[in-house]
Amino acid sequence: MATERRLPLAMTRRAFMAAGAAALAARRADAATLPRLAIIDWALLETALALGAVPAAASELIQYRSLVVEPELPGTVADLGLRGSPSFEMLRQVAPDLILISQFYDYQRPQLERIAPVLSLPVYEAGTAPYALVEASTLRLGEAVGLRRKARAYVDDTANEIARRRAALAPHRDRPVFVINLGDSRHFRAFGGDSMFGDVVDRLGLTNAWTDTTSYSAAAPVGIEALARRPEAGIVIVEPSPPEVARGLPRNAIWNALPAVRDGRVASIAPVSHFGGLPSARRFARLLEAALSHWPAS
Amino acid sequence: MTSRRVLLPWAAMAVLAAVLFAWKVRDAWPVGGDHLQWVILQNAVLPRAAVAILAGAALGLAGLLLQRVLRNALAEPSTLGISAGAQLAMALATLFAPALMIWSVGFVAFTGGIAAVAIILALTWRRGLEPVSVVLAGMMVALTANAASAALILANGDYLFSLFIWGGGSLVQQSWDPAVTIGSRLAIGLAAAILLLRPLAILGLDDASARSLGVALHASRFAIVALAVWIATTVVAAVGVIGFVGLAAPALATLSGARTLGQRVVAAPLIGAILLWLTDGLVQLVSGVGGERLPTGAATALLGGPLLLWILPRLRMMEWPSLSTLMAASRRAARPSAIIVIALVALFGAALAALLIGSGPEGWSVATGSLLADLSQWRAPRIVVAAAAGAMLAAAGVMVQRLTGNPLASPEVLGVGTGAGAGLTAVLLVNAAASLFWQIAGAAAGALGALLLILGVAARGKFGPERLLLGGVAIGAAASAVITAVIAMGTMTSYTLLTWLTGSTAQADATQAWTALALAVMLVAPAFLAVRWLEILPLGGETAKSLGVPLKRARFAVVLLSALMTAAAAMFVGPLSFIGLIAPHLARLVGLGRARDHLLGAVLLGAALMVLSDWLARMVAFPYQLPVGLFASLIGGPYLIYLLSSGARSRH
Amino acid sequence: MAESDIVKQAGLLALEEVTFSAGSVSILQPVSLDLHRGRMTGVIGPNGSGKSSMVRLVARQQQPTSGTIRLDGRPLDGFGDRELARRIAYMPQFTPPAEGMTVRELVALGRFPWHGALGRFSLEDREKVDIALERTELTRFADRLIDSLSGGERQRAWLAMMLAQDTACLILDEPTSALDIAHQADMLALVRDLTRERDLAALIVLHDVNMAARYCDELVALKGGRIVARGAPESIVEPGTLEALYGLRMGILPHPATGQPLSYVA
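If you're wondering where the values come from, they're calculated on a predicted model, not measured in any experiment. (Residues numbered from 1 in each chain as written. Chains lettered and ligands numbered in written order. Predicted model: local features only at pLDDT ≥ 70, side-chain atom pairs only at ≥ 80, totals over all residues. Heavy atoms only, no water.)

Caption draft 1: Quick look at the overall build of chain C. Across its full length, chain C holds eleven helices and twelve strands. Relative to a compact globule of 266 residues, whose C-alpha radius of gyration would be 18 Å, chain C shows 19 Å and is just as compact. Oriented by its inertia axes, the alpha-carbon framework of chain C measures out at about 55 × 45 × 35 Å. Put simply, 64% of the contacts in chain C that link residues at least 6 apart link residues at least 24 apart. About 11,400 Å² of surface is accessible on chain C, with carbon and sulfur atoms providing 51% of the total. Here chain C carries 29 positive and 34 negative side-chain charges, and the mean point of each set is 2 Å from the other. (Helix = DSSP H or I, 4+ residues; strand = E, 2+ residues; numbered from the N terminus. Rg over C-alpha atoms; globule rule 2.2 N^0.38 Å. Contact = heavy atoms within 4.5 Å. Areas by Shrake-Rupley, 256 points an atom, 1.4 Å probe, with all protein chains shown as cover. Lys, Arg positive; Asp, Glu negative; His and termini not counted. Charge placed at Lys NZ, Arg CZ, Asp CG, Glu CD.)

Caption draft 2: Just helix 3 (residues 82-96) of chain B, in detail. Residues and elements named next belong to chain B. Here helix 3 spans 21 Å end to end across 15 residues, near enough to the 21 Å set by a 1.5 Å rise per residue. Where burial is concerned, most of helix 3 is hidden: twelve out of the 15 residues are buried. Among the residues making up helix 3, those that are buried are Ile82, Ser83, Ala84, Gly85, Ala86, Gln87, Leu88, Ala89, Met90, Ala91, Ala93 and Thr94. (Expected span 1.5 Å × (residues − 1). Buried < 20%, exposed > 50% of the residue type's maximum accessible area, 1.4 Å probe, protein only.)

Caption draft 3: Spatial organisation of the nonpolar core. In terms of nonpolar packing, the biggest core is built from 246 residues, with Ile99(A), Phe284(A) and Leu106(C) touching the most fellow members. At 17 residues, the largest contribution of residues to this core is made by helix 16 (residues 369-404) of chain B. Once residues within four sequence positions are removed from consideration, Phe284(A) is found in contact with Val179(A), Phe197(A), Val200(A), Val201(A), Val238(A), Ile269(A) and Val272(A). One finds Trp10(B), Ala52(B), Ala116(B) and Ala232(B) within the second-largest nonpolar core, a separate group that totals 65 residues. (Core = buried A, V, L, I, M, F, W, Y, C linked by side-chain atoms within 4.5 Å.)

Caption draft 4: Here's a closer look at the interface of chain C and chain B. Taken residue by residue, the interface counts 34 residues in chain C and 25 residues in chain B. For the pair chain C and chain B, the summed buried surface comes to about 2,500 Å²; carbon and sulfur atoms form 56% of the total. In terms of surface lost to chain B, no three residues of chain C exceed Gln61(C), Glu99(C) and Phe112(C), which account for 23% of the buried area on that side. The tally of links from chain C across to chain B stands at two salt bridges. Linking Glu105(C) and Arg594(B) is a salt bridge whose minimum nitrogen-to-oxygen distance equals 3.9 Å. For the pair chain C and chain B, the number of links is seven residue pairs in polar contact (both at pLDDT 80 or more). When residues of the side of chain C that touches chain B are traced back to their parent elements, those giving at least two are helix 3 (81-85), strand 6 (88-91), helix 4 (103-109), helix 5 (112-115) and helix 7 (151-164) of chain C. (Buried area = accessible area lost by both parts, 1.4 Å probe. Salt bridge = Lys/Arg side-chain N within 4 Å of Asp/Glu carboxyl O. Polar contact = N/O pair within 3.5 Å; in protein donor to acceptor, adjacent residues only side chain to side chain.)

Caption draft 5: Spatial organisation of a nonpolar patch on the surface. All names here are of chain B. On the surface, Trp23, Leu282, Leu285 and Val286 cluster together to form a nonpolar patch covering roughly 380 Å² of accessible area. At three residues, helix 13 (residues 261-286) tops the list of elements feeding residues into the nonpolar patch. The residue Val286 is located in helix 13 in this model. (Patch = residues over 30% accessible without salt bridge, like charges linked within 9 Å, V, L, I, M, F, W, Y side chains within 5 Å.)

Caption draft 6: How the structure looks around the environment of Val134(A). All names here are of chain A. With respect to the helices, strands and loops of the structure, Val134 is situated in helix 7 (residues 130-144). Relative accessible area serves as the criterion here: at 2%, Val134 is assigned to the buried category. Along the sequence, Val134 and Leu249 sit 115 residues apart, while their C-alpha atoms lie 35 Å from each other. Beyond its immediate sequence surroundings of up to four residues, Val134 is in contact with Val123, Met196, Gly276, Gly277 and Leu278.

Caption draft 7: Highlighting the interface of chain B and chain A. The interface is formed by 60 residues belonging to chain B together with 64 residues belonging to chain A. With both sides pooled, the region where chain B packs onto chain A buries about 5,400 Å², and carbon together with sulfur makes up 60% of that total. Residues Asp374(B) and Arg92(A) are paired through a salt bridge, measuring 2.9 Å at the closest nitrogen-oxygen approach. Remark: the boundary between chain B and chain A carries 18 residue pairs in polar contact (both at pLDDT 80 or more). When residues of the side of chain B that touches chain A are assigned to their parent elements, the largest contribution, seven residues, is made by helix 16 of chain B.

Caption draft 8: A look at the sheet that holds strand 3 (residues 39-44) of chain C. All names here are of chain C. With respect to topology, six strands assemble into an open sheet ordered 6-7-8-3-9-10, the strand pairing being mixed. The open sheet has two edge strands with one neighbour each: strand 6 and strand 10 (226-231). Across the sheet, the axes of successive neighbouring strands diverge by a mean angle of 15 degrees, strand direction being ignored. Pairing geometry for strand 3 and strand 9 (residues 218-223), over four bridges, is parallel. Across the sheet, the residue bridging to Thr41 is Glu218, located in strand 9. Contacts from helix 7 reach strand 6 and strand 7 (169-173), with the element oriented near 165 degrees to strand 6. Relative to the sheet, helix 11 (residues 239-246) contacts strand 3, strand 9 and strand 10, its axis offset from that of strand 9 by approximately 40 degrees. (Pairing = 2+ DSSP bridges. Axes fitted to C-alpha atoms, helices over the stretch in contact; angles between N-to-C directions.)

Caption draft 9: The arrangement of helix 2 (residues 35-69) of chain B in detail. Residue and element names in this part refer to chain B. The end-to-end C-alpha distance of helix 2, which contains 35 residues, comes to 49 Å, matching closely the 51 Å that a straight helix rising 1.5 Å per residue would cover. A bend of about 30 degrees at Leu41 is the largest found in helix 2. Of all 35 residues making up helix 2, 27 are buried, and the element is well covered by its neighbours. Just downstream of helix 2 lies Arg71, where phi reads positive at about 50 degrees. (Bend = angle between axes of the 7 residues up to and from the residue.)

Caption draft 10: Looking closely at the pairing of strand 1 (residues 357-360) of chain B. Residue and element names in this part refer to chain B. Relative to strand 2 (residues 363-366), strand 1 runs antiparallel, the two sharing four bridges. When the bridges of strand 2 are listed, Ser359 appears paired with Trp364. Linking strand 1 back to strand 2 in an antiparallel pair, the connection comprises two residues.

On their own, these measurements won't tell you what the molecule is for.
Below is the structure:
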């Protein structure tokens, strides 16, 4: 009996999906009210927040607040649990109109589609500088939630802000910079040209000292001695670092021998999402400019 | 003559390692008085070789000491869960007590390592520290600690990177500090070992002889175990988990003709040093500038698994008194059918509760009406998948325990579950975004590969129980090494693997539920056709043979069936859960002793336990979903320790 | 020659030039022996003389390296697993603890060769189990756990299992080694009586020469994998044979009551 009653609903839902998320988005574009959003991917979450589209629910909010930090997350957003395994029960009860994921979470798609139409936007692709991709996804996201103009404006604002900071960083133009995250006092991961940090470094007119290929998160641990390959480079550490680093790094002979360390060309910046969207790109650019302002010009 | 022939390969390996090292030194040699290059040569290239040599020697010595005092040729830091315990402690401290990590990483690691050993000794004390049981308990502790570490990583993506480094075991150095630390511990350990040579020799005898020779048995044994743990965890704290050197070095020392204990105290550290130095040289040879794709620790484990398989038939296991009576149920139910009905009610009760009761945006509620209809599409498949997996693991547990006559045996140690993980890893390496179908197909292929391997190993030993268990441990270790190596690469694949490793029914849908149910029915039903064999097999091969049981065929069928059940369950709930271990004991404890009742009761209780674990995993930190495997072990672990430590007392 | 042929034909079990070696170590030299219904044959000899190996070959726990063992004139190889278990029952030197099993359950396992893995446990099966329990005076212990029995009772339970197996031949490998003297005597008397009552062929490895001489109809003395003597107890228990067997000077006294020879270390 129950099944029979639910059948028509299920059919409309399936019809929705067949039509595709884009069709839904087009209809929503003119709507006065925002669709109820649920967002699994953090890059899309920060983007939506930056556009003023506060979602009804998103995943892993505790970590978001300490690692992504901005845009600030209103208390009204419900937590869906881990990005890797969001609570479908919770999501079901939130009853969103649209679920946003990136391609990393495509494996959840069949489950998510039973709750609401799913829009999957690419944010990172191996071997590609991500900024342009994230710009495109920002625009598509804006379109999907009926904030096309706002999205356009945000993309332009971000580009302008980065251009402005590029001018401010002109004295450091030829300075190569390592952007790294410490795994322990012996290892780091580097952010290369296919990471957001690497791309923003390029756009700021600086030189990324890490020229080897990385795989967007560049998470394979590298020994600190690799930093010696560019003795003239400065080093930017993206926090957080594990607690043990506080004790181990000052005792690291190679670290201490690096010209960057000896000459004070090392800066630590507050946490920024490694897989972020445009808001993270802006945050990174701002923190980087502030950090580099203490360095001697090259 | 013979000694020269045996020494030759070691000398050759040492020369090869030295050549690799010289090549590395030449590579790093400063040109034109470059100061920084000097610093790198002095503080990276040289100490790395020193650490490889010293850590290898330290692990070789730790392994030798542990093997001697526990009289167990398979005891070593990784089989005893010392490394995994140390790693878990470091992960916990990083997240919850960062000040401790700043104060002393070594202390944190030692605490974790000694806790792991304490648990294992407690688990196997009543069995007289029987080698196979010690190794099984070690594997259990290591699996649980690894799952807990993985869960922490998943919940705190942030520190993931450092945990990868520890888990992989990296010998990268930038100062002489670690080399000095490891070296000083090694020196103390060697000095102690030489001073303790006589008590050590006596501890290698059985307890009664040792006691009659006037050795303060437990005190010396614990002191030496603590010393070995200290040395081993120093290595873990300094460079991460380096597997199998501690196992291989003493075994190879013996196989190379080091007969007396004194000779072994010299040979085992030497061989450990050569092994690790050479392995690290090879790792550096294949690694590019963009970081090491294969951490040294994972590389040693990768070599160690096959090595263990090779060593096994060559090891002369010390005669050990059979103490398996200690796990006997002290009473038998007058009416087993009544107990089985109760177990059935428990299963349905658990399923109903899991279906109805839950947390939501507005707190706890009992779902009814349309909410229930809505939620049941998510809850029901999970319950079915959990129950099916629990039933299969429990049935496999009963079969493996009865086959081997060892109450600590469980399907997890067959290596089939981790084999499934290795298959999954292979699929994800080819395509990180592989669909669920391909993931399951990969897991199935991996499980099948491990299964064939274990059947091959077991067949060579005529499907004898000990060979089977130890072969399973070896395959599991090798497969784990593959998984660890890939996880240590820190890509998206790592996340997927970690999720699977911790065990999650989160993605269960109707298709999965039906598949799991069908598999459970198809695999558990034939197990009941084997109950007469299962009644006789615990009595050992001789009795089974004299009663006309077709021994090879029966053992083959039982191994095949339980491996298939383990593989099927692992695909749905990951490789770890204590259900396969606990459910059979629970069934026994409530008085189900005959094979058929035992099997049926365990299947029902296993399913109920798994449903309960899944519900807890889903609800305890709602909406954050915790790993179901971890919950199953949290429910089962303490109970098991209680059971094992109180089992003997109830008999007299 | 002709005479021995006749004996062979009459024998239930016959070993013909059987050898056994483990790797390169020869454990049994060519051994020939036959066993008859209604007779209890004891195997004695020093440690490492091949006693256990020989009976394990007869029970088909191991395959002989060469030679043939025949049961009812048919080579042992030709028997199916259960078919053989319906003819020969074997008690290993170390009986497993049989944890958590009741006496009746253990004894009922003796019926496995008859009903197999899937067959019904018939009324006849039940009767045979009851008879075995009764004959070994274990009926009142039937529902007790094996773990709770004394050593002697436990050994009787294993014997009961062999009886339930309803075979023509019993093979026991040092069944008395863990028992006190009274239980040793009980056990051996029981086996001897059963041999008579049921017209069984019994082959039993014993350590104690005097005990063996007291209960067995015939003794086989092994040394270095060869049969060095064979015959009635009186013909084996004499100083010359024993010294050859154990490499120790031994004396003989007549039993005060039965007059059977008793050995002692001289």
